[in-house]
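Take a look at the letters that make up each chain.
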Amino acid sequence: QVQLVESGGGLVQPGGSLRLSCAASGSIFSNYRMGWYRQAPGKQRELVITITTGGSTNSADSVKGRFTISRDNAKNTVYLEMKSLKPDDTAVYYCNAWTTGINYWGKGTLVTVSS
């Protein structure tokens with residue numbers, strides 16, 4: 001089993017930057033594809049960006065060129081670097097760990113983009 005704890009959320013002005021972290025524990029972190037999802041008020045949860053065990057990334061069109069994901073297997077941590085933030089990026093951001101037949105979620109961290 002994997003436990004995921006997100007951190008780094010908060011209030012940021014439009015155009016600003018923020019870095020989220022997700023610390024994993026309880027299993028072999030390097031075996032999982034890691035990802036970030038988000039859920040805005042009144043909307044469904046959506047994919048933001050993922051990173052495979054081999055380091056390949058996949059991101060939603062809405063964040064391409066602005067968001068970057070990275071993982072540190074030695075620290076069991078995945079990061080989300082967010083730049084040029086927009087009000088539409090306001091959401092609860094969830095960390096995800098996935099492998100075949102298994103899916104884990106963190107409790108989320110709130111990111112608010114507002115002036």
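Structure report, in brief.

**Re the packing of aromatic side chains**
1) Next: The full count for this structure, using the stated rule, is two aromatic pairs.
2) Next: Ring centres of Tyr37 and Trp105 lie 5.0 Å apart, and the angle between their planes is 70 degrees; this geometry places the pair in the edge-to-face category. Separated by 68 residues along the polypeptide, Tyr37 in strand 4 (residues 33–39) and Trp105 in strand 10 (residues 102–105) bring together distant segments of the chain.
3) Next: In this structure Tyr37 comes out as buried when scored by relative accessible area, which is 16%.
4) Next: Just above the ring of Trp105 sits the side chain of Arg45; from NZ or CZ to the centre is 4.6 Å.
5) Next: Note that Arg71 overlies the ring of Phe29, its terminal NZ or CZ placed 4.7 Å from the centroid.

**Points about the state of the cysteines**
1) Next: Summed over the entire model, instances satisfying the criterion amount to one disulfide.
2) Next: Between the sulfur atoms of Cys22 and its disulfide mate Cys95 the distance is 2.1 Å. Sign of the S-S torsion, about -85 degrees for the bond between Cys22 and Cys95, identifies this disulfide as left-handed. Of the two residues, Cys22 sits in strand 3 (residues 18–25) while Cys95 sits in strand 9 (residues 91–99), which places them 73 residues apart along the sequence. This pair shows no difference in class: Cys22 is buried, exactly as Cys95 is.

Procedures and definitions
- Residues numbered from 1 in each chain as written.
- Predicted model: local features only at pLDDT ≥ 70, side-chain atom pairs only at ≥ 80, totals over all residues.
- Heavy atoms only, no water.
- Phe/Tyr/Trp six-rings, centres within 6.5 Å; stacked < 30°, edge-to-face > 60°.
- Helix = DSSP H or I, 4+ residues; strand = E, 2+ residues; numbered from the N terminus.
- Buried < 20%, exposed > 50% of the residue type's maximum accessible area, 1.4 Å probe, protein only.
- Lys NZ or Arg CZ within 6 Å of the ring centre and 35° of its normal.
- Disulfide = S-S within 2.5 Å.

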